[in-house]
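Overview (structure and organization)
Listed below, chain by chain, are the residues.
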Amino acid sequence: MQLLQNILLITLHLLPAVGFTRPVEDGKRNYEQHCARCHGRDGTKGMFGAKNLQKSSLSDTAILLQIINGKGIMPSFRKRLPADQLNAISTYIKSFRK
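Thresholds applied
By convention here, each chain's residues receive numbers from 1 onward along its written sequence. Predicted model: local features are reported for residues with pLDDT of at least 70 only, side-chain atom pairs are reported and counted for 80 or more only, and whole-chain, interface and lining totals are derived from all residues. To obtain the side-chain values, all non-hydrogen atoms of the structure were used and water was disregarded. Salt bridge, as used here: a side-chain nitrogen of Lys or Arg that lies within 4 Å of a carboxyl oxygen of Asp or Glu. Here a helix means four or more residues in a row that DSSP labels H or I, a strand means two or more in a row labelled E, and each is numbered from the N terminus. Residue exposure (1.4 Å probe, protein chains only): buried if accessible area is under 20% of the type maximum, exposed if over 50%, otherwise partly exposed. Definition of nonpolar core: a set of buried residues of the types Ala, Val, Leu, Ile, Met, Phe, Trp, Tyr and Cys, connected through side-chain atoms within 4.5 Å. The term disulfide is used for any two cysteine sulfur atoms that are within 2.5 Å. Angles run from 0 to 180 degrees between N-to-C directions of axes, and those axes are lines fitted to C-alpha atoms, restricted for helices to the stretch in contact. Roughly parallel means an angle under 35 degrees; roughly antiparallel means over 145; roughly perpendicular covers 65 to 115; every other angle is labelled oblique. With the far helix as reference, a near helix turned anticlockwise by less than a right angle produces a left-handed crossing, and one turned clockwise produces a right-handed crossing. Working rule for contacts: check all heavy atoms of both residues, and any pair within 4.5 Å makes them a contact. Put simply, Ala, Val, Leu, Ile, Met, Phe, Trp, Tyr, Cys and Pro go in the nonpolar bin, Asp, Glu, Lys and Arg in the charged bin, and everything else, Gly too, in the polar bin.

Where an unreviewed UniProt entry is consulted, the protein appears under the name Cytochrome c, with the organism given as Chitinophaga rhizophila.

Below, the structure is given as structure tokens:
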């Protein structure tokens, strides 16, 4: 079941948007609410061992899977947020890269 959910979420993430665009504001708002405490507003905070998101070289799929499944002290957001919000956070995180 978990594998199927991961595949579905990844598929939704990788499909091109048709007829609409996902506002950056959704990703930013959700990131600031759920992620900024540890990763910082600009992705560099590193609290509790959180990685510097500006230096991340993870693929789009790997980013989404990490948000879905969590890692270490980072919680899973699979049941906390719907797929569109998970995707918006993933897209917003990539904007931190230098």
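Next comes the rest of the description.
**Examining the pattern of salt bridges**
Applying the stated rule across the entire model yields three salt bridges. Notably, a salt bridge pairs Arg29 with Asp26, separated by 2.7 Å at the nearest N-O pair. Of this pair, Arg29 and Asp26 both sit in helix H2 (residues 24-34), three residues apart, which is roughly one turn of that helix. Take Asp26: its relative accessible area is 26%, and that puts it in the partly exposed class. The residue Glu32 makes a salt bridge to Arg41 at a minimum N-O spacing of 3.1 Å.

**A word on the environment of Asp84**
With respect to the element layout, Asp84 can be found in helix H5 (residues 83-94). Overall, Asp84 belongs to the partly exposed group, its relative accessible area being 40%. For the pair Asp84 and Asp26, spaced 58 residues apart in sequence, the C-alpha separation works out to 9.2 Å.

**Looking at the nonpolar core**
With 15 residues, the main nonpolar core has Tyr31, Ile67, Leu86, Ile89 and Ile93 as its most contacted residues. Those elements giving two or more residues to this core turn out to be helix H4 (60-69) and H5.

**Let's talk about the state of the cysteines**
Per the counting criterion, the structure on display carries zero disulfides. Here Cys35 is not cross-linked by a disulfide; its sulfur's nearest cysteine counterpart is in Cys38, at 8.9 Å. For Cys38, a relative accessible area of 22% translates into the label partly exposed.

**Focus: the packing of H4 against H5**
Running from amino to carboxyl end, H4 crosses H5 at an angle of 125 degrees, the nearest separation of the two axes being 10 Å. When the interaxial angle is binned, H4 and H5 end up oblique. Of the two possible hands of crossing, H4 and H5 adopt the one that is right-handed. Counted together, Asp60, Ile63, Leu64, Ile67 and Ile68 of H4 and Leu86, Asn87, Ile89, Ser90, Ile93 and Lys94 of H5 form the full contact between these two elements. Residues that form the contact of H4 with H5 fall into these classes: seven nonpolar, two polar and two charged.

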